[in-house]
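In case you want the letters, here they are:
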Amino acid sequence: MIFLSSNFYVFILQPECHYEDVNDYNKIHDFLLIIYNSKMTENFIIPIHETFQKTIQGEGYWAGTPVDFIRLAGCPVGCHYCDTGYADGGVGLPRQLRTFDELINELFSPRVVISGGEPFIHKQLPALINRIEATGRKVSIETSGCYWQNISPNTWVTLSPKQHISPKYPVVPQMWKRASEIKLVIETGKELEFYSKILLANNNIPVYLQPEWYSRNLALPLVLELLQEYSHYRLSVQLHKYLGVQ
């Protein structure tokens, strides 16, 4: 079924169709829902998990700075401690298609953090970054690094690798070179050993060790001990959670 408006075509998926799983449905849904006319770059659309404004960055290099968040929907990696709900693929999580204009019009802060989910699974990501940066704002991306797209050289990239949890999703080589900072979530203390060679090969990138939140009573002492051994690394805590802000 197809509807035509002044700005775009809309395809409605038929209810009698069958799909392999919710991720296949979402991919088909997002791909077929909108086919843009000649103004597609002005009215681009991307699936959103949630947005919130006038908060702070709680992690890594920019901790304590005012930011707005755009959380993109979808992530295949399946981290068991995911605090956004994608441990099981995100079945039933919020997923709303929104235009770039809508997202930009609600921004307040001088820096915008695009997270997920996994932002790099979305082909629209480079265009979204360009649109936000065109407003004079800085953009930070939080990624597991398992997907790659060329993005603006001005964008700050926080690489938080998850290959030790999900071997099917290794960090792509380009991402190790592109990362502005590396954030390792420490749960067992063995994470540094897993990435030791690649961290040594990319020793010009600042590394932050962050205790996993749900096991922080055990993980924080581990991190403090590791920092004694790796004194050139830094501590990252989820400051926003300690403060009780979003």
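Everything numeric here is computed off the predicted structure, so don't read it as measured data.

Attention shifts here to the pairing of strand β10 (residues 181-186). Residues in a regular strand project their side chains so that they alternate between the two faces of the sheet. Within β10, six of the six residues are buried, which leaves it mostly tucked inside the rest of the structure. With two bridges joining them, strand β9 (residues 156-159) and β10 adopt parallel strand pairing. Directly across from T158, in β10, lies its bridge partner E181. Where β10 meets strand β11 (residues 207-211), five bridges bridge the pair, whose relative direction is parallel. Pairing of L184 across the sheet is with L209, part of β11.

Right, let's get into the sheet that holds β9. With mixed pairing, nine strands are arranged side by side in an open sheet as β6-β4-β5-β7-β8-β9-β10-β11-β12. Looking at strand neighbours, the two that pair on one side only are β6 (96-99) and β12 (234-235), the edges of this open sheet. Relative to strand β5 (residues 66-72), strand β4 (residues 45-56) is paired through six bridges, and the arrangement is antiparallel. Bridged to I48 within β5 is L72. Each of β10, β11 and β12 is contacted by helix α7 (residues 216-229), which is oriented at about 155 degrees to β11, the strand it contacts most.

So, on to the confidence of the model for the protein chain. For the protein chain, mean pLDDT is 87; residues scoring 70 or higher make up 83% of the total. Every residue in residues 1-17 is under pLDDT 50, and counting partners more than four places away or in other chains gives 31 contacts. Below a pLDDT of 50 lies the segment residues 34-39, which in the model reaches 13 contacts outside its immediate sequence neighbourhood of four places, other chains included.

On to α7. Compared with the 20 Å implied by 1.5 Å per residue over 14 residues, the 19 Å span of α7 between its first and last C-alpha is a close match. Residues of α7 that are buried: A219, V223, L226 and L227. Considered in projection along α7, the buried side chains sweep an arc of 100 degrees and stay on one side of the axis. Seen from the open side of α7, the exposed residues pointing more than 90 degrees away from its buried face are N217, L218, E225, Q228 and E229. On the buried face of α7, the contacting elements are β10, α5 (191-194), β11 and β12.

With that settled, consider helix α3 (residues 125-133). Within the span of α3, buried status applies to L125, P126, L128, I129, I132 and E133. Summarising the axial view, the buried residues of α3 lie within an arc of 160 degrees, below the 170-degree limit, and thus occupy one face.

A word on the packing of aromatic side chains. Considering all chains together, one arrives at nine aromatic pairs under this definition. Ring geometry for W62 against W156: centres 5.5 Å apart, planes inclined by 80 degrees, an arrangement best described as edge-to-face. Residue W62 is located in the loop between β4 and β5, and its partner W156 is located in strand β9; the two are separated by 94 residues in the primary sequence. Aromatic ring contacts, followed pair by pair, group Y61, W62 and W156 into a single cluster. The cationic tip of R216 hangs over the ring face of W213; the distance from NZ or CZ to the ring centre is 3.7 Å.

Parameters and conventions
Residues numbered from 1 in each chain as written. Predicted model: local features only at pLDDT ≥ 70, side-chain atom pairs only at ≥ 80, totals over all residues. Heavy atoms only, no water. Buried < 20%, exposed > 50% of the residue type's maximum accessible area, 1.4 Å probe, protein only. Helix = DSSP H or I, 4+ residues; strand = E, 2+ residues; numbered from the N terminus. Pairing = 2+ DSSP bridges. Contact = heavy atoms within 4.5 Å. Axes fitted to C-alpha atoms, helices over the stretch in contact; angles between N-to-C directions. pLDDT = per-residue confidence, 0-100. Expected span 1.5 Å × (residues − 1). Arc of directions from axis to C-beta. Phe/Tyr/Trp six-rings, centres within 6.5 Å; stacked < 30°, edge-to-face > 60°. Lys NZ or Arg CZ within 6 Å of the ring centre and 35° of its normal.

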